[in-house]
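Breakdown of the fold
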Amino acid sequence: MALGLDELLDTSGFIPHGVCLLWRPDILALHVGSDILIGLSYFSIPLALIYFVQRRRDLAFGWVAQLFALFIVACGSTHFLSVWTLWSADYVVEGVVKLITAFASLATAAALWWLMPRLLALPSPAQLERSNAALEREIAVRRQMELRYSSFFNNLAEALFIVEVRPDGQFVYEAINPALARATGLDAERLRGQPVDDALSPEVASAVLSRYVQCRDGGDSIDYEETLSLPVGERVFHTMLVPVKDADGRVIQILGSGRDVTERKRLQEEMVQTSKLATLGTLAAGMAHEMSQPLNVIRLWTENTLTRLREGVADAARTERALSLVIEQTERMAKLIDHVRAFGRRDGGGTQLFLPGDSVHNAIDLVRHQYSLENIEITTTSTTSGLPVSGRPLELEQVVLNLFSNARDAINAQRAAGRTSGRIMVAVVDDIDTHSTVIQVTDDGGGIAPAVLPQIFDPFFTTKEVGKGSGLGLSIGYGIIDRMGGRIEPHNIDLGGGRRGVRFTITLPSQPVPSRDWELSHA
Amino acid sequence: MPEPFHILIAEDEVLAAMALEDFLTFRGFRVSVAANGVEAMERLARDPADALVTDLRMPKMDGHALIRAVREQDNNLPVVVMTGYLTQDSDLTHERWKPLEIFSKPVNPRTIYETLQRMLGPVPEPQDA
């Protein structure tokens, strides 16, 4: 049975609700007042809700609030209709409104239950407050750490820098500290974020980049000494690079620290110079003898010739032979003078490729005669194939001379104690496997007491009596060999027949350069 | 014709020994050369000399040792010493080594010759003088 809308809304058969209340004004007033108040309240709540949702755009589940608003408006409407139906019996309209309210309530209730787990998961304001406090504490700690580390970075005397290693192979300065800025004269602000190529002069950039590449490709810390032409002038740095890797092991950053050792190097060179002068002093006696020999020969031959000339019995052949001898002797003297002059020179010549055997033989030539007069025999074995080493030839010669001088002192001490002694054995050998040249100086001077063996390279350590040794010779020697990338090691050895001695082994890295090339370049 | 004086030169520097040998021979001496003390002692044993001219610093046996060895055998053999420098502890200036003269290198061969002539004299001195 279908009913039309008019029929449906036709409530002419009904009586208004007020009849039930017998039109008692007090009860009517109670119902009307309450329903109107409830309805007004219900209508105002959605406004507040919608206003809140509109203002708090970050609100989660804002649509639930809108659902609530609809439900509450519907509820409010039923209360107004309750008032209306007191006087006019539009119960169908009221029923429809209630139906709408029922659906809105149902939807809201269902939505609430459906959302419940997620709503519960939302942090409560108390929780939020706690986590906020924790975050604040964390921030405070981190601020403090940052302050501490930036204080380290900014106040340490060590020059520090951070280089970013870009995937495209570029190296970019992330930061340099004030100590580095002071030590180099570079501007920290200007350097930040600059590729190394742009930040530094081409020579300095190419020098430091080769080290950065070495650190990146090797993936390991490296440390080295470098001489750089900087805005503050030429400085020597002892630099250490530490690679920082990401999870895949790729080097993404290089941390660098550097110490200006220019002054220390200068002092070191001064010490080398002092020790050279000391060595010169001990050589002076020998030199006097070396010089007096050719001088004597010259005097004898010139007097000889002069006498024959004066007496008219000089013949041309004899005179020519005598004068040739004189010239030979002046050359011998000139060579000696040259050698001493070069030896005394401050820089001792520049770093170059040279044959270590040559330095050893020059040292032997300087002392062989003098030592033979003291019945100290120097024997040599050389099986070098002529691989050069890098360094200063005269410095190596100085080291070997110092070993000779120590050996001679030891031999004389042995003899003073009544024991047989008097041999210095020198060997120069190439070690192809390790690409190095080994120089061994062995004496039969009794050896070094094991207790003092660890100290012999210490500056100013000496076992000799006051005035005999500066205690600098071996420490300087150690420095020289170290700078050449080599090492020097002492060992006590038994030579058999009750003879004991010490063997110093100097190992120097060979330079893999075909000898023809460097001979040409150093000719 | 009298026999010429025989002079032994002990000197390890060959060119110096040659020059002195040449000069002294030219002046009429018979000259022998030894390269060190040991050789000199051997030579003296084989062929006694009238005077010794010696260097001090020589290998094997130096001038000091040679002079000591010579004096043990002959207190009157004239000795001329040629030296680069005299060490402080050398006692060669002492009376007991005489007849002995010391010259610093470089030496003048004429001085050596004149000294030898003076020490040897025109006529050999009596052995018990």
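Here's what I pulled together on the structure shown here. (Residues numbered from 1 in each chain as written. Chains lettered and ligands numbered in written order. Predicted model: local features only at pLDDT ≥ 70, side-chain atom pairs only at ≥ 80, totals over all residues. Heavy atoms only, no water.)

This next bit is on the interface of chain A and chain B. Taken together, the contact between chain A and chain B spans 27 residues of the former and 24 residues of the latter. Between chain A and chain B the total buried area reaches about 2400 Å² when both faces are included, carbon and sulfur atoms providing 56% of it. In terms of surface lost to chain B, no three residues of chain A exceed Asn296(A), Leu300(A) and Leu373(A), which account for 23% of the buried area on that side. With a closest N to O distance of 2.5 Å, Arg318(A) and Asp22(B) form a salt bridge. (Contact = heavy atoms within 4.5 Å. Buried area = accessible area lost by both parts, 1.4 Å probe. Salt bridge = Lys/Arg side-chain N within 4 Å of Asp/Glu carboxyl O.)

Once that is clear, we can look at the nonpolar core. With 37 residues, the main nonpolar core has Phe404(A), Ile424(A), Ile439(A), Phe504(A), Ile506(A) and Leu508(A) as its most contacted residues. Among the elements of the structure, helix H12 (356-373), helix H13 (393-416), strand S9 (423-431), strand S10 (436-443), helix H14 (473-483) and strand S12 (499-509) of chain A are those that each provide at least two residues to this core. Take this core: its biggest share by element is eight residues, from H13(A). What Phe504(A) contacts, discounting residues up to four positions off in sequence, is Leu403(A), Ile439(A), Gln440(A), Val441(A), Ile448(A), Ile456(A), Phe457(A), Leu474(A), Ile488(A), Glu489(A) and Pro490(A). Core analysis: the second largest hydrophobic core is formed by 29 residues, Leu300(A), Trp301(A), Ala322(A) and Ile112(B) among them. (Core = buried A, V, L, I, M, F, W, Y, C linked by side-chain atoms within 4.5 Å. Buried < 20%, exposed > 50% of the residue type's maximum accessible area, 1.4 Å probe, protein only. Helix = DSSP H or I, 4+ residues; strand = E, 2+ residues; numbered from the N terminus.)

All names here are of chain A. Taken in spatial order, the five strands of this open sheet run S2-S1-S5-S4-S3, and their pairing is antiparallel. The sheet is open, and its two edges are formed by strand S2 (171-176) and strand S3 (222-230), each paired on a single side. Each strand axis lies, on average, 30 degrees off the axis of its neighbour in the sheet, ignoring direction. Bridge count for strand S1 (residues 159-165) against strand S5 (residues 251-260) is six bridges, and the pairing is antiparallel. Considered in S5, the bridge of Val 163 is made with Ile 254. (Pairing = 2+ DSSP bridges. Axes fitted to C-alpha atoms, helices over the stretch in contact; angles between N-to-C directions.)

Let us now look at the pattern of salt bridges. Per the counting criterion, the structure on display carries 27 salt bridges over all chains. Residue Glu158(A) pairs with Arg259(A) through a salt bridge whose shortest N-O separation is 2.8 Å. Separated by 101 residues along the polypeptide, Glu158(A) in the loop between helix H5 (125-155) and S1 and Arg259(A) in strand S5 bring together distant segments of the chain. The class of Arg259(A) is partly exposed, set by a relative accessible area of 48%. Each of Arg308(A), Asp315(A), Arg318(A) and Asp22(B) takes part in salt bridges that share partners, so that together they form one network.

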